[in-house]
Amino acid sequence: MATELTAPTPVRPDVAPIQRRTLRLLFGTQIVGGIGVTIGISVGALLAARVAGTALAGLAQSASVVGGALLAVPVTRIMNGHGRRPGLAVAYLAGALGAVLVVLATVTDFVPLLFLGMLFFGGGTAANLQARYTAVDLAEPARRGRQLSLIVWATTIGAVAAPNFADLADHATTGWGLPPLAGPFAFSAAAFVLAAGVLLALLRPDPLLTARRLAAPAAPVAAGAAPEVTPPAGAVTPPAVTARRGAGMRAAWQVVRGLPAARLGIAAVAVGHVVMVAVMSMTPVRLGESHSDADVLRVVGIVLSLHIAGMYALSPLVGWLTDRLGRRAVILLGVVLLLAACAVAGTAGHHTPRLSIGLVLLGLGWSGTMVAGSTLLSESVPTAVRPSVQGFSDLTMGLAGAVAAAVSGFVMRGPGYPVLTLLAAVATVPLVALALRPVPAGAPDEED
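Residue numbers here run from 1 along each chain, matching the order of that chain's written sequence. This being a predicted model, a pLDDT of at least 70 is required before a residue's local features are given, and a value of 80 or more before pairs of side-chain atoms are given or counted; all residues contribute to the totals for chains, interfaces and linings. With hydrogens and water stripped out, all remaining heavy atoms of the structure feed into the side-chain values.

## Considering the packing of helix α12 (residues 327–346) against helix α16 (residues 429–436)
Remark: α12 packs on α16, axes separated minimally by 10 Å, with the N-to-C direction vectors making an angle of 155 degrees. Taken together, the axis directions place α12 and α16 in an arrangement best described as roughly antiparallel. Between α12 and α16 lies a crossing of left-handed hand. Residues Arg328, Ile331, Leu332 and Val335 of α12 pack against Leu431, Val432, Leu434, Ala435 and Leu436 of α16. For helices, the fitted axis covers only the stretch in contact; all axes are lines through C-alpha atoms, and the angles between them, taken along N-to-C directions, range from 0 to 180 degrees. Secondary structure elements follow DSSP: runs of H or I of four or more residues count as helices, runs of E of two or more count as strands, with numbering from the N terminus. Under this scheme an angle from 65 to 115 degrees is roughly perpendicular, one under 35 degrees roughly parallel, and one over 145 degrees roughly antiparallel; angles in between are oblique. Each helix crossing is assigned a hand: it is left-handed if the near helix lies turned anticlockwise from the far helix by less than a right angle, otherwise right-handed if that turn is clockwise. Whether two residues are in contact is decided by their heavy atoms: any pair within 4.5 Å suffices.

What follows is the structure in structure tokens.
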């Protein structure tokens, strides 16, 4: 079965304006959605501590991460059957529902409702992640990395701006009778509803459905019959799949198993996320060991801002390198940056400037594995099951990140931060082995 790597479909002239319009629309909704996610997350731990207690505050944040990963499953099923537009809208609306439930939990002090709300709030994150795949449905092969990275970069604007709106949102809702810290989640709900409404109204024609129409055979050999294709000798042939509504994670796994490039793409996204989450989540604790309570929040804010800048600010450059140097080369470059980050942060001791450099490198390494891995994954699978495979990737990434965050706390409490960075570096070994593994003859890969 041919994929876009083995037989790229020429871009028809009428697709170019559709792609430009899609990118503009996604760029705008990513900013709105990014504000919705970050304005809530920025006060999520504080709000959870007030409602559920400090001991459960971290679990509330983890619920949002797990929710984003789990919601990727139904969202991609919707996309597989009906296109990107309803799938993205449902994800944002799930996030809006979660934000409303969090507000109600704050008003009623009902802890289970808080966790349920944070679980659904992850829908905003799921939508933002799926938007990057929407950007490459109709992209030309030589520009896929850049166009995907452009949508990733748009998240930077929302992520940087949102924390500054949290205090304003909190004060603006005091007249509504809401408790402190509930206002930002009310604004999150409004942002998600706005993003969903814009996509439902304007994301037409649907880029995924358009890509499928263009990838369909021009004319069948006989009525209702498709032409037979004999694969070359030694070629790796993945299982046959169709664009049916029931195609889910099992179908995605069957396809990924037969495609080395798809396996590498998923591994790059997941491993890069594991290393980033493990080190980043415990860095505030590390800083707390060397700074007073009066200074630690300010220092943590500066260091994490630099880290976020490393993750997103240079993503257009990473996308350009992905198109120029190749997907595997940028994945390996991302791994090198992750290893450098672990070495610098792990040996920084309590030297904050050096630790900051390590966190910037950590963000850059994550960007390399995320952009190049996502691009490779998207172009290495058939259009028929692309949403399912992409959802499988986001599910794997989210659950792996949640596990990394949970395990990192135990490592930090035991051996400490240097050992944590060492274990994070070791986690990249399987990815390096997979990236350097020779590609079987006839297997689809970006180099063919």
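## Points about the packing of aromatic side chains
Under the pairing criterion, centres of Phe, Tyr and Trp rings, with the six-membered ring standing for Trp, must be within 6.5 Å; the plane angle then separates stacked pairs below 30 degrees from edge-to-face pairs above 60, leaving the rest tilted. Scanning the entire structure with this criterion turns up six aromatic pairs. Measuring from ring centre to ring centre gives 5.8 Å for Phe27 and Trp153, while their planes differ by 35 degrees; the resulting arrangement is tilted. Residue Phe27 is found in helix α1 (residues 15–52), and its partner Trp153 is found in helix α5 (residues 144–172); the two are separated by 126 residues along the sequence. Three or more aromatic residues joined by ring pairs form one cluster here, namely Tyr92, Phe121, Phe185 and Phe192.

## With respect to unusual backbone geometry
Of note, the amide linkage connecting Arg204 to Pro205 takes the cis form, showing an omega dihedral of -5 degrees. Structurally, Pro205 is set in the loop between α6 (183–202) and α7 (207–215). Although it is not a glycine, Asp109 adopts a positive phi angle of roughly 55 degrees. Tracing the backbone shows Asp109 in the loop between α3 (84–108) and α4 (111–134). For every residue, the accessible area (1.4 Å probe, protein chains only) is compared with the maximum for its type, and the residue is labelled buried under 20%, exposed over 50%, or partly exposed between those bounds. Accessibility expressed as a relative area gives 52% for Asp109, which makes it exposed. With a phi close to 75 degrees, Leu181 is a non-glycine residue in the positive phi region. Relative to the assigned elements, Leu181 resides in the loop between α5 and α6. On the basis of relative accessibility, which here comes to 13%, the residue Leu181 falls in the buried class.

## Section: the pattern of salt bridges
The term salt bridge refers to a pairing of a side-chain nitrogen on Lys or Arg with a carboxyl oxygen on Asp or Glu at a separation within 4 Å. All told, the structure shown has seven salt bridges when counted by the stated rule. Arg144 is the partner of Glu379 in a salt bridge, and the nearest nitrogen-oxygen pair spans 2.9 Å. Taken as a pair, Glu379 in helix α13 (residues 352–380) and Arg144 in helix α5 lie far apart in primary sequence, 235 residues in all. Of the two residues examined, Glu379 and Arg144, each falls in the buried class. As a salt-bridge pair, Arg327 and Glu379 come within 2.7 Å of each other at their nearest N and O atoms. One end of the pair, Arg327, is in helix α12; the other, Glu379, is in helix α13, with 52 residues separating them in the sequence. Neither residue differs from the other here; Arg327 and Glu379 are each classed as buried.

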